[in-house]
Amino acid sequence: MAGSLNKVILIGHLGRDPEIKSLENGVKLARFSIATSEVFKNKSGDKSEHTEWHNIVLWRNLANIAELILKKGDQILIEGRIRSRTWEDQESKQKRYSFEIIGDQLTLLNSKKQTGPTKDSHSNTENEAVDDLPF
């Protein structure tokens, strides 16, 4: 099979309000984390829970929407792709890695301001929300 696929779908709760940056060219960027949890029985048969934190990055119109409607604790569905970053730590001079989810679609699941899916085209083109928003 030729080709490849980098697709992530997560449902989780925001760990903090989105951090919004406006770049010099006027493009907005939103960063926040969401938590996903799984419940399972451990070896002794007791219920156990594991929480994983995911760093989310939204660009352009999705960043605008995040700034307007997302708050800490909101439950969202995010679709996107995984991107890794590598850099050298200035103090230890060691190579560091981080993984982010670059969001292409966002759905708010538990708010009075609930919206349907909002899509974002690929980062290298102008992004556009496709659904009507209630504001």
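### Regarding the overall build of the protein chain
Within the protein chain, the regular secondary structure consists of 1 helix and 7 strands. Counting helices and strands in the order they occur from the N terminus, the protein chain gives β-β-β-β-α-β-β-β. In the protein chain, buried positions account for 34% of the 135 residues. The contacts in the protein chain between residues at least 6 apart in sequence include a share of 54% that link residues at least 24 apart. Total accessible area on the protein chain is roughly 9,000 Å²; 48% of this is exposed by carbon and sulfur atoms.

### Some thoughts on a nonpolar patch on the surface
The grouping of Ile82, Tyr97 and Phe99 at the surface amounts to a nonpolar patch, some 350 Å² of accessible area in total. Looking at the element boundaries, Phe99 is found in strand β6 (residues 95-108).

### Regarding the pairing of strand β4 (residues 47-59)
Alignment of strand β3 (residues 28-41) against β4, held across 13 bridges, turns out to be antiparallel. Looking across to β4, one finds that Glu38 is bridged to His50. A loop of 5 residues connects β3 with β4, the two strands running antiparallel in sequence, and Gly45 in this loop sits at a positive phi of about 90°. Summarising the sheet, β4 and β6 pair through 3 bridges and their orientation is parallel. Its bridge partner lying in β6, Ile56 is registered against Ile101.

### Digging into the confidence of the model for the protein chain
Averaged over all residues, the pLDDT of the protein chain is 85; the fraction at 70 or higher stands at 81%. Mean pLDDT per element in the protein chain: strand β7 (residues 118-119) is the minimum at 62, and strand β1 (residues 8-14) is the maximum at 97. Long-range and interchain partners of residues 121-135, a stretch whose pLDDT sits below 50, account for 30 contacts in this model, where long-range means more than four residues apart.

### Looking at the nonpolar core
Counting 19 residues, the largest nonpolar core has Phe32, Ile34, Leu58, Leu70, Ile76, Ile78 and Leu106 as the members making the most contacts within it. Looking at this core, the elements that each hand over two or more residues are β1, β3, β4, α1 (60-69), β5 (75-88) and β6. For this core, the leading source of residues is α1, giving 5 residues.

### As for the pattern of salt bridges
Evaluated as defined, the whole model comprises 7 salt bridges. A salt bridge links Glu67 to Lys28; the shortest N-O distance between them is 2.4 Å. Here Glu67, found in helix α1, pairs with Lys28, found in strand β3; they are 39 residues apart in sequence, far enough to count as distant. Taking the shortest distance from any N to any O, the salt bridge between Arg85 and Glu100 comes out at 3.2 Å. With a gap of 15 residues between them, Arg85 in strand β5 and Glu100 in strand β6 connect regions that are remote in the sequence. With relative accessibility at 37%, the residue Arg85 sits in the partly exposed group. Connected through salt bridges with shared partners, the residues Arg31, Arg85 and Glu100 form a single ionic network.

The rules behind each value
- Residues numbered from 1 in each chain as written.
- Predicted model: local features only at pLDDT ≥ 70, side-chain atom pairs only at ≥ 80, totals over all residues.
- Heavy atoms only, no water.
- Helix = DSSP H or I, 4+ residues; strand = E, 2+ residues; numbered from the N terminus.
- Buried < 20%, exposed > 50% of the residue type's maximum accessible area, 1.4 Å probe, protein only.
- Contact = heavy atoms within 4.5 Å.
- Areas by Shrake-Rupley, 256 points an atom, 1.4 Å probe, with all protein chains shown as cover.
- Patch = residues over 30% accessible without salt bridge, like charges linked within 9 Å, V, L, I, M, F, W, Y side chains within 5 Å.
- Salt bridge = Lys/Arg side-chain N within 4 Å of Asp/Glu carboxyl O.
- Pairing = 2+ DSSP bridges.
- pLDDT = per-residue confidence, 0-100.
- Core = buried A, V, L, I, M, F, W, Y, C linked by side-chain atoms within 4.5 Å.

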